[in-house]
Amino acid sequence: MSDTNTSDWMDIQRKYWEAWSELGRKSMGLDNPPANPWAGALDHWWQTMSPALPNDQARDFMQRLMDQGKAFFDITDSLTKGLAGSNPTAEQGWGIFSKSLDELQKAFTSGQWDGEQTLHRLMAFWEMPFDNWQRTMSSLAPLPGDMLSNIPHDQVKNGINQLLSAPGLGYTREEQGRYQALMRRSLDYQSALREYSGFFTQLGVKSVERMRQRLLGLAEHDKTVESARELYDTWIGCCEEVYAEEVGSEDYSRIHGQLVNTQMALKQCMSVMVDESLGALNMPTRAELRTLQDRLQESRRENKQQRRELETLKRQVAHLLEDGAPATASQAPASSPPRRTTTTRKRTTAKSTEK
Amino acid sequence: MPAFPIAIRPDKLSQEMLDYSQKLSEGMQNLLNADEIDTGVTPKDAVLREDKLVLYRYQRPAEVVTQPVPLLVVYALVNRPYMTDLQEDRSTIKGLLATGQDVYLIDWGYPDQADRALTLDDYINGYIDRCVDYLRETHGVDKINILGICQGGTFGLCYTALHPEKVKNLVTMVTPVDFKTPDNLLSSWVQNIDIDLAVDTMGNIPGELLNWTFLSLKPFSLTGQKYVNMVDLLDDEDKIKNFLRMEKWIFDSPDQAGEAFRQFIKDFYQRNGLVDGGITIGEHEVDLKAVTCPVLNIYAMQDHLVPPDGSKALNGLTGSTDYTEHAFPGGHIGIYVSGKAQKEVTPTIGNWLNERSS
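No experiment lies behind these values; they were computed from the predicted model shown.

Colleague: Lay out the overall build of chain A in plain terms, naming residues and giving numbers.
Modeller: Across its full length, chain A carries 11 helices and 1 strand. For chain A, the succession of helices and strands along the chain, N to C, is α-α-α-α-α-α-α-α-α-α-α-β. Counting across all 355 residues of chain A, residues that qualify as buried make up 38%. Of the contacts made within chain A by residues no fewer than 6 positions apart, 66% connect residues no fewer than 24 positions apart. About 20,300 Å² of surface is accessible on chain A, with carbon and sulfur atoms providing 53% of the total.

Right, here's the structure in full:
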């Protein structure tokens with residue numbers, strides 16, 4: 001295929017997807033055209049298809065494939081911006097590419113993407129570990145994980161802390177104290193969450209630099225990247241490499257520990273308050289249940305041990321009766337293998353011990 | 001200035017995008033045809049139940065002569081044991097049966113809040129010991145063989161140290177021993193976590209939290225890239241099923257009984273007690289020098305969960321005079337499910353046991 005034909009053909013394909021995308025966009029009543037037509041077309045196709053899927057499992061799985069497909073398109077689009085459709089010289093190529101990487105680094109550093117959707121999504125790609133944490137916590141917490149994330153607490157934190165340090169007064173002073181503790185722990189958790197999120201932002205900057213170095217390395221060895229998938233895999237490799245280096249550090253261990261610990265402290269505070277309410281309603285509390293669980297397990301442990309000792313004693317008595325001679329307990333220790341005379345080859349029914 | 005290395009032709013780029021979209025749309029039908037995902041393919045019988053534990057015995061192929069000493073597979077509390085018997089052509093269990101082993105496996109089940117107070121003593125000196133006694137009684141033998149997998153290997157080591165008179169041979173597979181090797185990310189992350197606070201707060205540790213931790217080891221590959229790669233498999237129903245089986249296993253993560261988790265993280269991960277000593281389970285201290293039976297230690301060279309050095313640390317720590325190591329060229333999961341593992345790992349275990357089971 002000649003370059004002219006190639007270019008025409010690519011234009012037609014692109015227009016085809018743009019037409020699909022535009023059609024879908026209009027039918028959905030959306031105003032802004034997508035920045036990346038490939039991702040946009042995929043999006044609209046998915047919006048049409050997904051309701052037809054018969055179950056949540058298939059829908060969830062396809063959604064994952066869709067999300068990663070869009071990430072794949074976005075990464076390719078960002079890293080090849082200005083290159084497609086042209087035949088740049090080495091100098092032009094490096095110039096255009098460096099500019100793209102600089103834009104990315106700038107966006108990572110400033111946390112702004114100037115309304116550029118693709119760039120935004122590429123940055124969101126770097127928030128993946130952070131996003132995983134948010135989802136996990138949301139599924140475990142009694143309150144939505146992001147409920148407090150939009151409180152501009154850094155600006156008002158000192159004021160709030162001052163307010164929270166005021167002692168409670170009067171008949172409800174204990175209750176006031178619990179609410180104050182809850183608020184303090186919320187603030188601690190939000191601080192830890194922000195530090196965790198900030199850690200990933202600086203990793204994004206480092207990954208962009210690693211990508212630049214990786215491509216320089218390829219160029220020095222006269223190697224080329226010839227497909228979008230190869231480019232995507234190279235980018236993932238750079239991100240994973242930088243990530244592995246950084247998350248093995250003492251600093252990350254501290255940030256990670258702080259995130260988990262502040263979340264647990266907050267959750268514990270919530271549990272205490274829930275218990276207080278349950279107690280007031282004369283319902284069993286978590287603390288009471290745990291006491292019962294501990295005592296029950298202790299009894300079961302003792303019971304199983306006694307049952308075992310009894311079995312051993314029975315065996316020893318049987319042994320004594322068989323031999324017709326007296327024996328001491330020490331001659332048949334509890335751990336000695338029980339004697340067995342029949343085969344169990346056909347035995348398939350489960351033997352049930354204590355439940 | 002070096003040549004510019006990105007040489008993606010516009011037509012190729014366009015074609016790739018189209019191919020991806022087409023594969024996705026065409027593959028949807030295959031995905032819908034996948035039906036229920038079956039796992040655990042080898043026929044087995046439940047022979048003992050206690051609380052949520054089920055002890056299974058796998059049915060032996062008629063044409064194979066079975067060894068007289070049974071093999072008890074002790075799996076980790078984390079994730080589910082069907083990984084060892086995932087599908088017809090990827091089954092550690094099947095491979096072991098083929099070498100003549102009489103294979104039993106402990107399925108720990110899914111602990112709930114009622115199991116929160118279970119300790120390592122309950123698991124090791126309780127459940128495992130009762131399974132071992134059941135096998136000794138059933139087979140009329142003094143000692144049995146144990147194969148411990150991952151955390152189950154750590155349990156196997158502790159059990160053998162505490163009950164050496166009941167274990168004939170011990171096989172440890174991708175088992176953490178030194179929990180503080182420099183390349184152990186999990187260990188690094190857990191050092192600053194207040195485990196007491198976590199367990200006191202949550203009771204049991206949710207499986208979702210463990211999933212998050214494991215996926216965080218390689219977040220871009222494990223939660224991103226693999227789904228892009230998956231699209232290439234969408235035209236093959238068998239490959240989709242294989243992928244979905246693995247996906248099911250990854251996210252099928254039981255909660256961890258709180259007290260056992262507390263002790264495991266504090267004693268093993270934070271204090272590195274298997275190497276530095278000082279682990280007490282029940283009333284007795286775990287002394288690896290008490291492990292005097294033959295030991296086969298298998299580790300995976302590309303293991304990102306249990307670094308090879310963490311497993312290899314076992315060498316010299318036991319009192320065994322018959323210690324063998326086997327390095328598998330793969331990862332933590334590949335050691336059960338890869339084609340290479342079927343040819344290499346299970347025959348190695350089977351032959352090693354057969355040589356020592358008479």
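We are not done yet, so read on.
Colleague: How would you summarise the overall build of chain B if you had to cite specific residues and measurements?
Modeller: Within chain B, the secondary structure is distributed over 14 helices and 12 strands. Rg of the C-alpha trace for chain B: 22 Å, near the compact-globule value of 21 Å for 358 residues, within the 12% margin. Its C-alpha atoms put chain B at 70 × 55 × 45 Å along the principal axes. Looking at chain B as a whole, 65% of its 358 residues qualify as buried. Within chain B, contacts between residues at least 6 apart in sequence are counted, and of these 79% link residues at least 24 apart. For chain B, the distance from the average position of its 32 positive side-chain charges to the average position of its 51 negative side-chain charges is 3 Å.

Colleague: Please give an account of the confidence of the model for chain A that cites residues and values.
Modeller: Of all residues in chain A, 56% attain a pLDDT of 70 or more, and the chain-wide mean is 72. Taken as a whole, residues 336-349 of chain A scores under 50 in pLDDT and shows 24 contacts with residues more than four places along the chain or in a different chain.

Colleague: Please give an account of the nonpolar core that cites residues and values.
Modeller: One finds Leu55, Leu72, Leu274 and Ile349 of chain B to be the most contacted residues of the largest nonpolar core, which totals 167 residues. Tallying contributions element by element places helix 8 (residues 173-220) of chain A first for this core, with 14 residues. Dropping the residues within four chain positions of it, Ile349 of chain B is found in contact with Leu96, Leu147, Val171, Met173, Leu296 and Ile298 of chain B.

Colleague: Residues and numbers for the confidence of the model for chain B, please.
Modeller: Looking at chain B, the pLDDT average stands at 92 and 99% of residues meet or exceed 70. For this predicted complex, the interface confidence reaches an ipTM of 0.86, while the overall pTM sits at 0.82.

Colleague: Please give an account of the side chain of Arg116 of chain B that cites residues and values.
Modeller: Checked against the element boundaries, Arg116 of chain B lands in the loop between strand 6 (103-107) and helix 3 (120-139). What makes Arg116 of chain B buried here is its relative accessible area of 5%. At a separation of 2.7 Å, a polar atom in the side chain of Arg116 of chain B contacts the side chain of Asp294 of chain A. Discounting residues that sit within four places of it in the chain, Arg116 of chain B has contacts with Arg290, Gln293 and Asp294 of chain A together with Gly203, Asn204, Ala257, Gly258 and Glu259 of chain B.

Colleague: For the packing of aromatic side chains, give the residues involved together with the corresponding values.
Modeller: The tally for this structure, following the rule as stated, stands at 14 aromatic pairs over all chains. An angle of 85° between the planes, with centres 5.9 Å apart, marks the rings of Tyr243 of chain A and Phe220 of chain B as edge-to-face. Here Phe220 of chain B lies in helix 8 (residues 219-230) and Tyr243 of chain A lies in helix 9 (residues 228-247), a pairing that spans two chains. Through a chain of ring-to-ring contacts, the aromatic side chains of Phe155, Phe179, Phe264, Phe268 and Tyr269 of chain B assemble into a single cluster. Its end group placed over the ring of Tyr56 of chain B, Lys44 of chain B keeps NZ or CZ at 4.9 Å from the ring centre.

Colleague: Lay out helix 10 (residues 258-270) of chain B with the relevant residues and their values.
Modeller: Count 3.6 residues to each turn of an α-helix, and residues three or four apart come out pointing the same way. Residues and elements named next belong to chain B. In terms of burial, helix 10 is a largely internal element, 10 of the 13 residues being buried. Among the residues of helix 10, those classed as buried are Gly258, Ala260, Phe261, Arg262, Gln263, Phe264, Ile265, Asp267, Phe268 and Tyr269. In the segment just after helix 10, Asn272 is the residue with positive phi, at about 50°.

Colleague: So, unusual backbone geometry: which residues are in play, and what are the values?
Modeller: Residue and element names in this part refer to chain B. The backbone of Asn79 sits at a positive phi, close to 60°, despite the residue not being glycine. Within the secondary structure, Asn79 is located in the loop between strand 3 (71-74) and strand 4 (85-87). For Asn79, a relative accessible area of 9% puts it in the buried group. Positive phi outside glycine occurs at Val174, with the angle close to 35°. Counting through the fold element by element, Val174 comes out in the loop between strand 8 (167-173) and helix 5 (185-190). Exposure remark for Val174: the relative accessible area of 0% places this residue in the buried category.

Colleague: So what's going on with the pattern of salt bridges? Residues and values would help.
Modeller: Per the stated rule, a full pass over the model turns up 38 salt bridges over all chains. The salt bridge involving Glu246 of chain A is made with Lys206 of chain A; its shortest N-O contact spans 3.0 Å. One end of the pair, Glu246 of chain A, is in helix 9; the other, Lys206 of chain A, is in helix 8, with 40 residues separating them in the sequence. Of the residues examined, Lys206 of chain A reaches a relative accessible area of 35% and is grouped as partly exposed. Note that Asp51 of chain B is salt-bridged to Arg300 of chain A, the shortest N-O span being 2.5 Å. In this pair, Asp51 of chain B is assigned in the loop between strand 1 (44-50) and strand 2 (53-58) and Arg300 of chain A in helix 11 (residues 286-323), connecting two distinct chains. If you follow the salt bridges from partner to partner, you end up with Asp294 of chain A together with Arg116, Asp196, Asp200, Glu259, Arg262 and Lys266 of chain B in one network.

Colleague: Describe in detail the side chain of Gln225 of chain B, supporting the description with residues and values.
Modeller: Its place among the elements puts Gln225 of chain B in helix 8. If near-sequence neighbours (up to four positions away) are discounted, Gln225 of chain B is found in contact with Tyr232, Asp233 and Ile236 of chain A together with Phe220 of chain B.

Colleague: Describe in detail the environment of Ala228 of chain A, supporting the description with residues and values.
Modeller: Tracing the backbone through its elements, the reader meets Ala228 of chain A in helix 9. A relative accessible area of 0% places Ala228 of chain A in the buried class. Considered as a pair, Ala228 of chain A and Asp77 of chain A are 151 residues apart in the sequence and their alpha carbons are 9.1 Å apart. The residues contacting Ala228 of chain A, other than those within four sequence positions of it, are Phe72 and Thr76 of chain A together with Ile8, Leu13, Glu16 and Met17 of chain B.

Colleague: Now, about the state of the cysteines: what can you tell me, with residues and values included?
Modeller: All names here are of chain B. Applying the stated criterion to the full structure yields 0 disulfides over all chains. Sulfur of Cys150: no disulfide; nearest cysteine sulfur belongs to Cys158 and is 13 Å away. According to the relative accessible area criterion, Cys150 is buried, its value standing at 18%. Of all cysteine sulfurs in the structure, the one in Cys158 sits closest to Cys293, which takes part in no disulfide; the separation is 13 Å. In this structure Cys293 comes out as buried when scored by relative accessible area, which is 8%.

Colleague: I'd like to hear about the pairing of strand 1 of chain B, residue by residue, with values.
Modeller: Residue and element names in this part refer to chain B. Most of strand 1 sits inside the fold, with 5 of its 7 residues counted as buried. In the sheet, strand 1 pairs with strand 2 via 6 bridges, with the strands oriented antiparallel. The residue of strand 2 that forms the bridge with Ala46 is Tyr56.

Colleague: Explain helix 8 of chain B to me, using residue names and the numbers behind them.
Modeller: Residues and elements named next belong to chain B. The first and last C-alpha atoms of helix 8 sit 16 Å apart over 12 residues, in line with the 16 Å expected at 1.5 Å per residue. For helix 8, the tally of buried residues reaches 10 of 12 residues, placing the bulk of the element in the interior. Within the sequence span of helix 8, burial applies to Pro219, Phe220, Ser221, Thr223, Gly224, Gln225, Lys226, Tyr227, Val228 and Met230.

Colleague: Could you give me a rundown of the environment of Ser21 of chain B, with the residues and numbers involved?
Modeller: Residues and elements named next belong to chain B. In this fold, Ser21 is placed in helix 1 (residues 10-32). Judged by relative accessible area, Ser21 falls into the buried class, the value being 4%. When the C-alpha positions of Ser21 and Val231 are compared, they lie 9.1 Å apart, and in sequence the two are 210 residues distant.

Procedures and definitions
- Residues numbered from 1 in each chain as written.
- Chains lettered and ligands numbered in written order.
- Predicted model: local features only at pLDDT ≥ 70, side-chain atom pairs only at ≥ 80, totals over all residues.
- Heavy atoms only, no water.
- Helix = DSSP H or I, 4+ residues; strand = E, 2+ residues; numbered from the N terminus.
- Buried < 20%, exposed > 50% of the residue type's maximum accessible area, 1.4 Å probe, protein only.
- Contact = heavy atoms within 4.5 Å.
- Areas by Shrake-Rupley, 256 points an atom, 1.4 Å probe, with all protein chains shown as cover.
- Rg over C-alpha atoms; globule rule 2.2 N^0.38 Å.
- Lys, Arg positive; Asp, Glu negative; His and termini not counted.
- Charge placed at Lys NZ, Arg CZ, Asp CG, Glu CD.
- pLDDT = per-residue confidence, 0-100.
- Core = buried A, V, L, I, M, F, W, Y, C linked by side-chain atoms within 4.5 Å.
- Polar contact = N/O pair within 3.5 Å; in protein donor to acceptor, adjacent residues only side chain to side chain.
- Phe/Tyr/Trp six-rings, centres within 6.5 Å; stacked < 30°, edge-to-face > 60°.
- Lys NZ or Arg CZ within 6 Å of the ring centre and 35° of its normal.
- Salt bridge = Lys/Arg side-chain N within 4 Å of Asp/Glu carboxyl O.
- Disulfide = S-S within 2.5 Å.
- Pairing = 2+ DSSP bridges.
- Expected span 1.5 Å × (residues − 1).

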